[in-house]
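In case you want the letters, here they are:
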Amino acid sequence: LVRKHLNAFRGNQRYFDRVMPQMALYLPHILTELEERDAPLELAFLPLIESGYNPAARAPSGGIAGMWQFTRGTGDALGIPRNSWYDGRFDAIVSTRSAADYLTDLRENFAGDWLLAIAAYNCGARTVSDALVRGRQQGKKGDFWSLQLNGRARDYVPELLALAEIFRHPERYDIELPVFADEPLLEAVTIDQPLSLKQAAELADIEVNTLRRLNPAYLRGVIPASGTYQLLLPTGTRNLFELALAASAPESLRSAAAGIAPATSVISKDRSNLEYRVKRGDTLSTIAHRHRVSVADVKVRNQLAADFLPVGKVLKIPGRPASHTR
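Residues numbered from 1 in each chain as written. Predicted model: local features only at pLDDT ≥ 70, side-chain atom pairs only at ≥ 80, totals over all residues. Heavy atoms only, no water.

## Some points on the overall build of the chain
- For the chain, the count of helices and strands is 14 helices and 9 strands.
- Looking at the chain as a whole, 48% of its 326 residues are labelled buried.
- Put simply, of all contacts in the chain between residues at least 6 apart along the chain, 64% involve residues at least 24 apart.
- Summing over all exposed atoms, the chain offers an accessible surface of approximately 16000 Å²; the carbon and sulfur share of this is 49%. (Helix = DSSP H or I, 4+ residues; strand = E, 2+ residues; numbered from the N terminus. Buried < 20%, exposed > 50% of the residue type's maximum accessible area, 1.4 Å probe, protein only. Contact = heavy atoms within 4.5 Å. Areas by Shrake-Rupley, 256 points an atom, 1.4 Å probe, with all protein chains shown as cover.)

## What about the environment of leucine 103?
- Along the chain, leucine 103 turns up in helix H5 (residues 92-109).
- Taking the C-alpha atoms as reference, leucine 103 lies 9.8 Å from leucine 34; in sequence the two are 69 residues apart.
- The contacts of leucine 103, once residues within four sequence positions are left out, are Leu43, Leu46, Trp68, Trp114, Ala117 and Tyr121.

## Considering unusual backbone geometry
- The phi torsion at alanine 111 lies on the positive side, around 55°, for a residue other than glycine.
- Inspection of the secondary structure assignment puts alanine 111 in the loop between H5 and helix H6 (114-123).
- Here aspartate 174, not a glycine, exhibits a phi torsion of approximately 55°, which is positive.
- Along the chain, aspartate 174 falls in the loop between helix H8 (151-168) and strand E3 (186-191).

## Focus on the packing of H5 against H6
- H6 packs onto H5 with a crossing angle of 125° between their chain directions and a minimal axis gap of 8 Å. Taken together, the axes of H5 and H6 are oblique relative to one another. H5 and H6 meet at a crossing whose hand is right-handed. Across from Ala99, Tyr102, Leu103, Thr104, Leu106 and Arg107 in H5, the residues of H6 making contact are Trp114, Ala117, Ala120 and Tyr121.
- Among the residues making up the contact of H5 with H6, the classes are represented as 8 nonpolar, 1 polar and 1 charged. (Axes fitted to C-alpha atoms, helices over the stretch in contact; angles between N-to-C directions. Parallel < 35°, antiparallel > 145°, perpendicular 65-115°, else oblique. Left-handed = near helix turned anticlockwise from the far one by under 90°. Nonpolar A, V, L, I, M, F, W, Y, C, P; charged D, E, K, R; others polar.)

## Focus: the layout of surface pockets
- Size it by volume and the largest pocket reaches roughly 280 Å³.
- Lining the largest pocket are 16 residues, with Glu50, Ile64, Gln69, Tyr121 and Asn122 sitting closest to its centre.
- Residue assignment for the lining of the largest pocket shows that the elements contributing at least two residues are helix H3 (46-51), strand E2 (70-71), H6 and H8.
- If one sorts the elements of the lining of the largest pocket by residue count, H6 sits on top with 4 residues.
- Class assignment of the residues belonging to the lining of the largest pocket gives a composition of 9 nonpolar, 5 polar and 2 charged.
- Along the wall of the second largest pocket there are 16 residues; nearest its centre are Pro28, His29, Pro184, Leu186 and Leu232.
- Those elements that provide at least two residues to the lining of the second largest pocket are helix H2 (13-36), H5 and E3.
- Element by element, the count of residues in the lining of the second largest pocket is highest for H2, at 6 residues. (1 Å grid on protein atoms, 1.4 Å probe; cavity = no way out; pocket = protein on both sides within 12 Å on 5 of 7 lines; lining within 4 Å. Points joined across faces, edges and corners; volume = space filled by probe spheres on them.)

## What about the environment of leucine 116?
- When you line up the elements, leucine 116 lands in helix H6.
- Relative accessible area serves as the criterion here: at 4%, leucine 116 is assigned to the buried category.
- Put simply, leucine 116 and leucine 106 are 10 residues apart on the chain and 8.1 Å apart in space, counted from C-alpha to C-alpha.
- Each residue touching leucine 116, except ones within four places of it in the same chain, is listed here: Phe110, Val128, Leu132, Gly142, Asp143, Phe144 and Leu147.

The following block contains the structure:
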């Protein structure tokens with residue numbers, strides 16, 4: 001079975017040329033999630049099989065979506081957010097985290113057997129469990145290779161193993177693979193206010209179509225008002241984006257997001273005693289710039305000896321009226 005897929009991939013340079021640019025974008029994040037769970041790094045080839053590493057992929061029926069091709073039911077069971085504004089199945093960060101957790105749980109369900117877990121990811125845990133029962137009744141070993149599975153379910157694991165072999169020894173199969181960059185090509189920024197992707201692209205000084213391709217989870221092109229979300233940006237644009245966002249007037253952001261009320265981190269609007277709760281990604285510089293005060297004034301007002309800001313810390317903002325906050 002593995003050999004069948006090796007022969008199908010052999011010399012198919014066009015396929016690898018097509019999927020490698022997409023894989024280069026998202027592979028670093030996927031590897032990080034797998035390493036954190038001490039999971040086999042070969043699992044990073046699953047999105048190649050599922051979607052060609054396309055976070056916007058949809059099955060023809062429309063019910064299966066994203067890089068990891070989750071059904072609505074599986075996505076809901078895994079707690080992936082989904083509403084008329086946002087579908088986390090299309091979010092490369094959220095869906096990868098969910099897929100890594102799901103695969104790890106499946107492995108535990110099948111007594112540590114990764115091949116059975118991978119098969120169950122494709123065709124369902126119940127299908128694999130039933131096949132194991134039938135196999136044991138027939139005196140078989142109870143591993144993946146003894147399962148009586150049909151069609152795609154039978155080929156899924158062998159195709160993954162074939163890809164792993166090709167990436168280890170591409171020259172044996174007449175394939176030339178690119179050398180991936182040492183540094184990630186994407187970086188994430190946390191957003192907790194409504195923002196249109198069009199204005200986000202302007203703030204980051206990138207093409208809006210680029211931003212949309214990287215962030216297909218925002219179904220209406222707007223980051224919703226409620227909750228905290230992450231926006232994927234090309235590496236090297238995050239600092240510019242954050243500074244530009246901090247300097248933007250709240251009114252213009254609300255207008256760009258079609259009037260959706262923004263979430264706010266300001267916890268006190270008293271004009272003489274404004275307070276701000278530190279969020280992930282905040283720095284003294286961005287907070288001071290956002291509230292149009294100096295870094296030195298913020299440090300003095302809060303008796304800060306260093307620039308480090310723990311998430312959740314409440315800062316007192318000196319001398320600015322509430323109309324300058326967001």
